[in-house]
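These are the residues of each chain, in order.
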Amino acid sequence: MRMDNETYRLRVEALLRELGREEDPFASTALAELERLALTPRKARYFLRALLATEQSESVQVHFYRLIMEAARNKNAYSDLERHIRHAFYEAREQTRSVLSQVQTPKALLALFHVIALTEEGWLAGELIRIVLSMPPEALQEPLQEALMSEDYLLQCLAIYLIGKTADETLLHMLARFYRKPVGDRVDRLEKKAYDALLEGAQTAVPSLFSTWLKDRSVRVRDLALTVLATREVPEVVVDLAGLILIDAQTRTRAAKILLRYAEAGLFEWSPDDPRSQQIRELLTAAKEDALTRLLRSLLRHESPAVREVAIQLVGLLPEPAPTLVSEVSRLSVEEPLPALQMAALQVLERVAPDLLVGSLVEVYADHGFGQGSPELLSLANQIMQRTLTPEQVLKVQEGIEEKKERRASALERFAASVEWWRHEV
């Protein structure tokens, strides 16, 4: 027999008072009847109001909130929950906040997400969102995953927002999977919201998140990681950035720029003694030698200066670089148009092939001396000559410079004679 609302309320209140008189309410004979009444269709709001009016213990309230919220399956049930929770916040805000914070089963939390998405009261949505964000991330994982895949636009937007705010590694990985292939009616908007939430969450996420993203099979996720790393300093991903430069042509240039910025900021040094560089060295030595040599040789001729510079430094980290790679570095120390890359090449030569420094230094002095060129490059050349070359080698450099000067002067004389021929004709 169906009871009207007033009869239902009186019956529930009577049973709740009986329950309240028990030392152990969960052993009371009234509990089973109350659980049956709590699940009566379209009566949840009246049941919860009676629960509040009879001032039940918090454990009892949590039990029945969980029961009713887990049973909610449609918009009418969510609407009734929203009306009651809004009323409960007016009547007993702190108590309601405490009760809801303990309702952490996946089905109950999904119902709470529906309430947040449904309410038009901004203050209530804010209160409930704060409650959700105070919960442990592992409790949110399952309901957030279900919300993301629900194809309910408002529910999906809420899940995306919550994940971004948590900055939890597991939840961000879950959102990244959704970002790779979003589902729903407004895919373009969901994609943009997911991207923004991932950027926000990644700003404070743990370093291991980026190690995973940089190895993700989706270039969009790898590119997202690079966007965050361009503004953050995460030294733990130095070896992952180096690996990305070696294997991913699509993000190679961006990764190289970030890696060089990290080196410039002092997060690591291009030295075999540096712990981060040791990780890169292990990565290089684990690769097949022939394939690695071909790859590095192509990178040394890459159109991007950042990639060429990183390739020079990678050659410097190899225990025994192939002669072809050393030859390429030697060529760059002379022919590279950017002084910064010439400096990097000279430093690598100093480490792996000091016998080739004489020829390179002669060319550097000839091109950048005589009051022209880069003073920084000349300063480095002076330092290298002082600390690395023997007196005999220094003499060879000086002789080479003199020879270059003589050739230059001779060439200028021949040029002047050829362009002045008309004077003799007049």
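No experiment lies behind these values; they were computed from the predicted model shown.

Thoughts on the overall build of the chain
Counting its regular elements, the chain contains 25 helices and 0 strands. In terms of C-alpha radius of gyration, the chain reaches 35 Å, well past the compact-globule figure of 22 Å for 426 residues. Viewed in the frame of its principal axes, the chain has a C-alpha envelope of about 125 × 55 × 35 Å. Counting the 426 residues in the chain, one finds 48% classified as buried. Taking the intrachain contacts of the chain between residues at least 6 apart in sequence as the baseline, contacts between residues at least 24 apart amount to 68%. Counting only carbon and sulfur atoms, one obtains 50% of the accessible surface of the chain, whose full area is about 21500 Å². When the 53 basic and 63 acidic side-chain charges of the chain are each reduced to a single mean position, those positions are 6 Å apart.

Here we look at the pattern of salt bridges
In the structure shown here, the tally under the stated rule is 22 salt bridges. Between Arg97 and Glu94 there is a salt bridge, with the nearest N and O atoms lying 2.6 Å from each other. With Arg97 and Glu94 both in helix H6 (residues 93–101), this residue pair falls 3 residues apart, about one helical turn. Arg97 gets classed as partly exposed once you look at its relative accessible area, which sits at 23%. With its nearest N and O atoms 2.7 Å apart, the salt bridge here joins Glu350 to Arg387. Note that Glu350 is positioned in helix H21 (residues 339–352) and Arg387 in helix H23 (residues 375–388), a separation of 37 residues in sequence. On the basis of relative accessibility, which here comes to 17%, the residue Glu350 falls in the buried class. Beyond isolated ion pairs, a larger network of salt bridges with shared partners links Arg297, Arg301, Glu328, Arg331 and Glu335.

Brief notes about the layout of surface pockets
The probe, sized like a water molecule, is rolled over the atoms to show the empty space still left. Computed from the structure, the largest pocket encloses a volume of approximately 320 Å³. The wall of the largest pocket is formed by 15 residues, among which Ala263, Trp270, Glu309, Gln313 and Gln347 lie closest to the centre. Those elements giving two or more residues to the lining of the largest pocket turn out to be helix H16 (252–264), helix H19 (305–317) and H21. Examining the composition of the lining of the largest pocket, we find that 6 residues originate from one element, H21, more than from any other. A per-class count over the lining of the largest pocket returns 8 nonpolar, 2 polar and 5 charged. Taken as a whole, the second largest pocket encloses approximately 260 Å³ of empty space. Surrounding the second largest pocket, 16 residues form its lining, Thr40, Pro41, Arg42, Ala71 and Ala77 being those nearest its centre. Where the lining of the second largest pocket is concerned, the elements lending two or more residues are helix H4 (58–71) and helix H5 (75–91). Per element, the largest residue contribution to the lining of the second largest pocket is 4 residues, and it comes from H5. Of the residues assigned to the lining of the second largest pocket, the class counts are 9 nonpolar, 3 polar and 4 charged.

Overview of the nonpolar core
Counting residues in each nonpolar core, the largest one holds 145 residues, and the members touching the most others are Phe113, Leu128, Trp213, Leu241 and Trp270. For Leu241, the residues in contact, after removing those within four places along its chain, are Leu214, Leu226, Leu229, Ala255, Ile258, Leu259 and Tyr262.

Some points on the packing of aromatic side chains
Taken as a whole and judged by the stated rule, the model has 6 aromatic pairs. Residues Tyr90 and Trp123 carry aromatic rings whose centres are separated by 5.3 Å and whose planes lie at 55° to one another, so their mutual orientation is tilted. Note that Tyr90 is positioned in helix H5 and Trp123 in helix H8 (residues 122–133), a separation of 33 residues in sequence. With a relative accessible area of 56%, Tyr90 lands in the exposed category.

Structural notes on the confidence of the model for the chain
When pLDDT is averaged along the chain, the result is 89; 93% of the residues meet or exceed 70. In the model of the chain, helix H25 (residues 421–425) stands out as the element of lowest mean pLDDT, 49, in contrast to H16, which has the highest, 96.

Reading the values: the criteria
Residues numbered from 1 in each chain as written. Predicted model: local features only at pLDDT ≥ 70, side-chain atom pairs only at ≥ 80, totals over all residues. Heavy atoms only, no water. Helix = DSSP H or I, 4+ residues; strand = E, 2+ residues; numbered from the N terminus. Rg over C-alpha atoms; globule rule 2.2 N^0.38 Å. Buried < 20%, exposed > 50% of the residue type's maximum accessible area, 1.4 Å probe, protein only. Contact = heavy atoms within 4.5 Å. Areas by Shrake-Rupley, 256 points an atom, 1.4 Å probe, with all protein chains shown as cover. Lys, Arg positive; Asp, Glu negative; His and termini not counted. Charge placed at Lys NZ, Arg CZ, Asp CG, Glu CD. Salt bridge = Lys/Arg side-chain N within 4 Å of Asp/Glu carboxyl O. 1 Å grid on protein atoms, 1.4 Å probe; cavity = no way out; pocket = protein on both sides within 12 Å on 5 of 7 lines; lining within 4 Å. Points joined across faces, edges and corners; volume = space filled by probe spheres on them. Nonpolar A, V, L, I, M, F, W, Y, C, P; charged D, E, K, R; others polar. Core = buried A, V, L, I, M, F, W, Y, C linked by side-chain atoms within 4.5 Å. Phe/Tyr/Trp six-rings, centres within 6.5 Å; stacked < 30°, edge-to-face > 60°. pLDDT = per-residue confidence, 0-100.

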